[in-house]
Amino acid sequence: MLANYAIVGIFLVAAISFPLIPLVLAFFLRPKRPTPLKTSTYECGLEAIGDVHVQFKVQYYLYALAFVIFDIEVIFLYPWAVAFQVVGLYGLIAATIFLLMLFAGLLYEWRKGALEWV
Amino acid sequence: MDWLTILIIVIQCFVITLAVTTAFAYLTLFERRILARLQNRVGPNRAGPAGLLQPAADAVKLFFKEDIVPAMADKPVYLLAPAVAVIPALIIWAVIPFGCLNLNWDYQACYDPARTNLWNILQITDLNIGVLYVLAVTSIGVYGITLAGWASNNKYSMLGGIRSSAQLISYELALGCAVLSVVMTYGTLSTHEIVTQQQGGLWGIIPQLLGFVLYMIAATAEVVRAPFDLVEAEQELTGGYNTEYGSMKFALFFMAEYIKLIAVSALAVTFFFGGWHFPGLDILGREVTALAGPVAGSIVFGIVSLGAFLLKVVVFLFISVWVRASWPRLRYDRLMDLGWKWLLPVGLLNLVYTTVVIILIPDRVVHSWVLFGLGAITIAIAIGFNRTPKPIDNVTLVKDIQLPN
Amino acid sequence: MELILFLITALIAIVGAVAMLVSRNAVHSALFLLLNFAAIAVLFLLLQAPFLFTIQLTVYAGAIMVLFLFVVMLLGAEKVEDTPDRIAWQQPLALLLGLALLVVSVVVGLGGATNPPPESEALIQFSDPRTLGALLFTDYLLPFEVTGFILLIAVIGVVVLNQRGRKI
C-alpha cells in the first residue's frame with residue numbers, strides 16, 4: 001500500500017521541480033535593474049496611501065468559520081458513502097440523523113442571517 | 001520493486017508533468033483563438049503556422065521580462081506563493097486515469113476493478129482513497145492565491161486574495177457534496193474503480209445528473225474561471241491577487257489556474273463521462289489482440305482510450321471558454337449566496353436522493369434512471385425559483401429618487 | 001527505509017513547530033504550522049492510515065489553517081507588538097505542562113506500550129476506507145453522532161458571534 005504513496009512522493013518531487021526550473025532559469029536570463037520607483041507599490045498610479053493590513057469585513061471570517069464546520073461534516077460522510085451499502089438500514093438511520101443535524105445547522109445559520117453578505 | 005520499475009515510474013512522473021504543462025501552454029492558445037472567433041476576431045496567428053508557436057513566444061517573453069519585487073512585499077512569502085499555487089494543481093494529476101495502457105500486456109485487465117495483473121502507465125497511481133486525495137489537494141490550493149494577496153502588500157492584491165479564499169472555501173463544500181454523491185453511487189474512493197464501473201454506457205451523468213451540474217458550477221468557481229473570476233475582476237481590483245507579480249512568477253499563477261482547469265475537466269470526465277471509456281473500445285481491443293497479439297492489442301487499446309479521454313476533456317475545455325465568452329461576472333454577494341444558499345442545500349438534498357434511491361432500488365439500471373429523473377426535476381425547480389432576483393430593499397431605484405426642488 | 005522516512009518527517013514536523021513558535025510574524029507562524037500539519041499527515045501515512053492522512057490535510061491544513069490565516073489577516077495583526085505580556089503567568093505554566101507531557105510520553109514510550117504488529121487487524125481496518133466506514137457507523141456510532149452534535153453547537157456559536165452588537 002505504501003508503494004502507491006511512494007509513487008505520489010516521486011510525482012511530488014517532479015511537481016516541485018517544475019515551477020523551480022523556470023524560476024531559476026528566468027533568474028539568470030532576465031535583466032535586474034530595480035529603482036525605488038519601480039519597486040514601489042502600485043495604487044491607481046499615485047503614491048500608496050495608508051497600510052494594507054487593516055481590519056476587513058467580519059463576514060469573511062464568519063464564512064470561514066461555517067466552512068470549517070461543514071467541511072468536517074462532509075468529510076465525515078465519506079467513509080459512510082463507501083460503506084452505506086454494507087451497513088444497511090442501521091447505518092442509514094445513523095447517517096440520516098447526522099445529515100439532519102447538518103441541515104439544521106445550515107438552516108439555523110440561514111434564518112439567523114449568518115450567511116447574509118451585508 | 002526492481003530498479004527498472006522505479007525508473008519507469010520516475011520517467012512516467014516527469015513525462016506526465018511535462019505533458020500537463022505543455023497542455024497548459026496550448027490551452028492558452030486554444031482559448032485565445034476560440035475567444036477571438038466567438039468575438040468575431042482572428043486571434044494570435046502570426047507566430048508559426050496558424051499561431052502554433054505563440055505559446056513558445058509567450059514563454060520567451062516571460063523569461064526575459066524584468067522581475068520586480070515590490071519593496072514593501074514580504075519577500076519569502078512573496079517568492080513562495082507562485083510555487084504554492086502551482087504544486088497542488090500539478091499533483092492532483094497523480095490519481096487521474098487518462099487511459100489504460102497495461103504494461104502486463106492484457107487489455108482486459110483494464111476492466112477489472114480489483115486491478116489484478118494491471119500496470120497502467122496512463123495513470124500515475126491508483127490510491128484506495130483517490131477521491132479524498134483530490135479533495136485534500138484542492139483544499140491546499142487556496143494558499144497560493146491567499147498568500148500572494150497578503151505578501152504583495154498591495155490593497156488590490158489583498159482584496160483579491162481575501163475574496164478568492166472566501167470564494168474557494170465556500171465552493172469547496174458544494175464540490176465536496178457533488179463528489180460525495182458520485183462516491184456514493186459507485187461505492188468506492190478509487191478513481192480507477194469509478195471508471196471501470198461506468199463500463200457499458202451507463203456513465204456517471206445518468207445517476208448523478210444533479211451531481212454533475214453541481215460539480216460543474218462548483219468546479220468552475222474553484223478554478224476561478226468566468227463567470228466566477230471575481231479574484232481578478234479588472235474593473236474593480238486591477239489585477240487582483242497577482243497585481244504585483246510579473247515575469248515568470250506571474251506565469252506560474254497563470255499556469256496553476258489553467259492546469260487546475262484541465263484537471264477539473266479531466267475529473268468531470270472521470271466521474272461523469274466514463275473516463276477513458278468509449279463505445280466499441282473493448283471490441284477494438286479484442287479484435288486487435290486476435291489479429292496481432294496481446295502486446296499490440298494493449299498498445300492500441302491504450303492509445304485509443306487515451307484519445308477518447310483527451311477528446312472528452314477538450315469538449316469540456318471548449319465549453320469553459322464558451323462560457324467565458326458568453327456570461328458576465330457575478331457580483332460578490334450573489335456569488336456567496338449561490339454557493340451557500342443554492343449549491344450546498346441542493347448538494348445535501350442530492351445526497352439524500354442518492355442514498356434513499358440506491359437503498360430502495362438495488363437494481364443498477366433502474367435506480368440510475370430514477371435518480372436521473374429526480375435530478376432533472378430538481379434542476380427544473382431550482383431554475384424556476386431563481387428566475388427573478390429579489391430586489392434589495394436598502395437600495396433606492398433611480399426612478400424613485402426624490403429630487404429636491 | 002521506513003525508519004529513515006519517519007525520522008525525516010518527524011524532524012520536519014519539529015522544525016515547523018519550533019519555527020512557528022519563534023517566528024515574529026503571525027502569517028509566517030501560520031505557514032510553519034502548515035508545514036507541521038503536512039509532516040504530521042505524512043506520519044499518519046507511515047502508520048498506514050491513509051484516511052487520516054487526507055483528513056489531516058483537508059481539515060487541518062485546508063480548513064483550520066485557512067481560518068487562522070483569515071483571522072490574522074482580517075485583524076491586520078501580523079506583527080507581534082512589543083507590549084508587555086498581560087498574561088505572563090501562562091509562559092511558565094505552558095513550559096511546565098509541556099515538560100510533563102514529555103515525561104509522560106517518554107514513560108509510555110519506554111515502558112511497554114505495545115505497538116501493534118504491522119499486520120494486526122486494527123491496522124487493516126484502518127487502512128481500508130470501506131471497513132473504516134462500516135466501523136464508524138456500527139461500533140463507533142455514538143462518538144460519531146456526538147461529534148455531529150458538537151459541530152451543530154459550533155454552528156450555533158458562529159451565529160451567536162454574528163449577532164453580537166446587533167439587535168436580534
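Residues numbered from 1 in each chain as written. Chains lettered and ligands numbered in written order. Predicted model: local features only at pLDDT ≥ 70, side-chain atom pairs only at ≥ 80, totals over all residues.

## Here we look at the overall build of chain C
Going by this rule: We count a stretch as a helix when DSSP gives it H or I for four or more residues in a row; a strand needs E for two or more, and each element gets its number in order from the N terminus. The burial criterion counts other C-beta atoms lying within 10 Å of a residue's C-beta, which is placed from the backbone; the residue is buried at 20 or more, exposed at 12 or fewer, and partly exposed between these limits. Note on contacts: residues are paired as contacts if their backbone-placed C-beta atoms lie within 7 Å.
Of the regular secondary structure elements, chain C holds 7 helices and 0 strands. Reading chain C from its N terminus to its C terminus gives the helix and strand order α-α-α-α-α-α-α. Split into buried and exposed, the 168 residues of chain C put 26% on the buried side. Put simply, 52% of the contacts in chain C that link residues at least 6 apart link residues at least 24 apart.

## Quick word on the overall build of chain B
The criterion, for reference: Atoms counted for the radius of gyration: C-alpha only. Globule rule: 2.2 Å times residue count to the power 0.38.
Helix and strand content of chain B: 13 helices and 0 strands. Put simply, chain B runs from its N terminus to its C terminus through helices and strands in the order α-α-α-α-α-α-α-α-α-α-α-α-α. Over its C-alpha trace chain B gives a radius of gyration of 23 Å, about what one expects of a compact globule, namely 22 Å for 405 residues. Counting only C-alpha atoms, chain B reaches 90 × 55 × 40 Å along its principal axes. Taken across its 405 residues, chain B has 52% of its residues classed as buried. Within chain B, contacts between residues at least 6 apart in sequence are counted, and of these 78% link residues at least 24 apart.

## Notes on the packing of helix 3 (residues 75-91) of chain B against helix 10 (residues 247-272) of chain B
To describe two helices that pack against each other, one gives the angle between their axes and the distance between the axes. Residue and element names in this part refer to chain B. Keep this limit in mind: Lines fitted to C-alpha atoms define the axes here, with helix axes fitted over just the stretch in contact, and angles between the N-to-C directions of these axes take values from 0 to 180 degrees. Here roughly perpendicular refers to angles of 65 to 115 degrees, roughly parallel to angles under 35, roughly antiparallel to angles over 145, and oblique to all remaining angles. The sense of a crossing depends on the near helix, which, turned anticlockwise from the far helix by less than a right angle, makes the crossing left-handed and, turned clockwise, makes it right-handed. Put simply, Ala, Val, Leu, Ile, Met, Phe, Trp, Tyr, Cys and Pro go in the nonpolar bin, Asp, Glu, Lys and Arg in the charged bin, and everything else, Gly too, in the polar bin.
Remark: helix 3 packs on helix 10, axes separated minimally by 8 Å, with the N-to-C direction vectors making an angle of 20°. As the angle between them shows, helix 3 and helix 10 are arranged roughly parallel. In this structure, the crossing between helix 3 and helix 10 has a hand that is left-handed. Only Lys-249, Leu-252, Phe-253, Met-255, Ala-256, Ile-259, Lys-260 and Ala-263 of helix 10 make contact with helix 3, whose side of the interface consists of Pro-82, Ala-83, Ala-85, Val-86, Ala-89 and Leu-90. Along the lines of polarity and charge, the residues of the contact of helix 3 with helix 10 split into 12 nonpolar, no polar and 2 charged.

## Re the packing of helix 2 (residues 58-111) of chain A against helix 7 (residues 141-163) of chain C
For the pair helix 2 of chain A and helix 7 of chain C, the least separation of the axes is 7 Å and the interaxial angle reads 160°. Classed by the angle they form, the pair helix 2 of chain A and helix 7 of chain C counts as roughly antiparallel. Once helix 2 of chain A is placed against helix 7 of chain C, the crossing between them reads as left-handed.

## Considering the interface of chain A and chain B
Chain A puts 51 residues into the contact, and the matching count from chain B is 63 residues. Where the side of chain A that touches chain B is concerned, the elements lending two or more residues are helix 1 (2-29) and helix 2 of chain A. For the side of chain A that touches chain B, the element with the most residues is helix 2 of chain A, which contributes 19 residues.

## Overview of the domain arrangement of chain C
Just so we agree on the cut-off: Each domain's extent was defined by an automatic or database domain assignment.
When its domains are assigned, chain C resolves into domain 1 (1-79) and domain 2 (128-168). One C-alpha centre belongs to domain 1 of chain C, the other to domain 2 of chain C; they are set 23 Å apart.

## Observations concerning the nonpolar core
For clarity, the cut-off: Put simply, a nonpolar core is a cluster of buried Ala, Val, Leu, Ile, Met, Phe, Trp, Tyr and Cys residues tied together by C-beta atoms within 7 Å.
By size, the foremost hydrophobic cluster in this structure holds 192 residues, and its most contacted members are Ala64(A), Val183(B), Leu214(B), Ala218(B) and Ile262(B). Residue contributions to this core peak at 27 residues, all from helix 2 of chain A. If we ignore the near neighbours within four places in the chain, the residues touching Leu214(B) are Ala174(B), Cys177(B), Ala178(B), Leu343(B), Val346(B), Gly347(B) and Asn350(B).

## Considerations on helix 2 of chain A
Residue and element names in this part refer to chain A. We apply this condition: Expected helix span is computed as 1.5 Å times (number of residues minus one). In this scheme, the bend at a residue equals the angle between the axes fitted to the seven residues that finish there and the seven that begin there.
Its 54 residues place the ends of helix 2 only 18 Å apart at the C-alpha level, less than the 80 Å of an ideal helix rising 1.5 Å per residue. A maximum bend of about 125° is found in helix 2 at Gly-88. Directly after helix 2, the chain includes Gly-113, whose backbone phi takes a positive value near 80°.

## Some remarks on the interface of chain B and chain C
Listed as interface residues are 17 residues of chain B and, on the opposing side, 14 residues of chain C. When residues of the side of chain B that touches chain C are traced back to their parent elements, those giving at least two are helix 4 (130-140), helix 5 (142-151) and helix 6 (155-186) of chain B. Residues of the side of chain B that touches chain C, tallied by class, amount to 13 nonpolar, 4 polar and no charged.

## Here we look at the domain arrangement of chain B
Frequently, the measure chosen for interface size is the accessible area removed from exposure when the parts meet. All names here are of chain B. Assigned domains of chain B: these are domain 1 (1-64) and domain 2 (69-385). Taking the mean C-alpha position of each, domain 1 and domain 2 sit 20 Å from one another. With 18 residues of domain 1 at the contact, the number on the domain 2 side is 17 residues. Mapped onto the side of domain 1 that touches domain 2, the elements with two or more residues apiece are helix 1 (3-38) and helix 2 (54-63). No other element matches the 15 residues that helix 1 contributes to the side of domain 1 that touches domain 2. For the side of domain 1 that touches domain 2, the residue count by class is 12 nonpolar, 5 polar and 1 charged.

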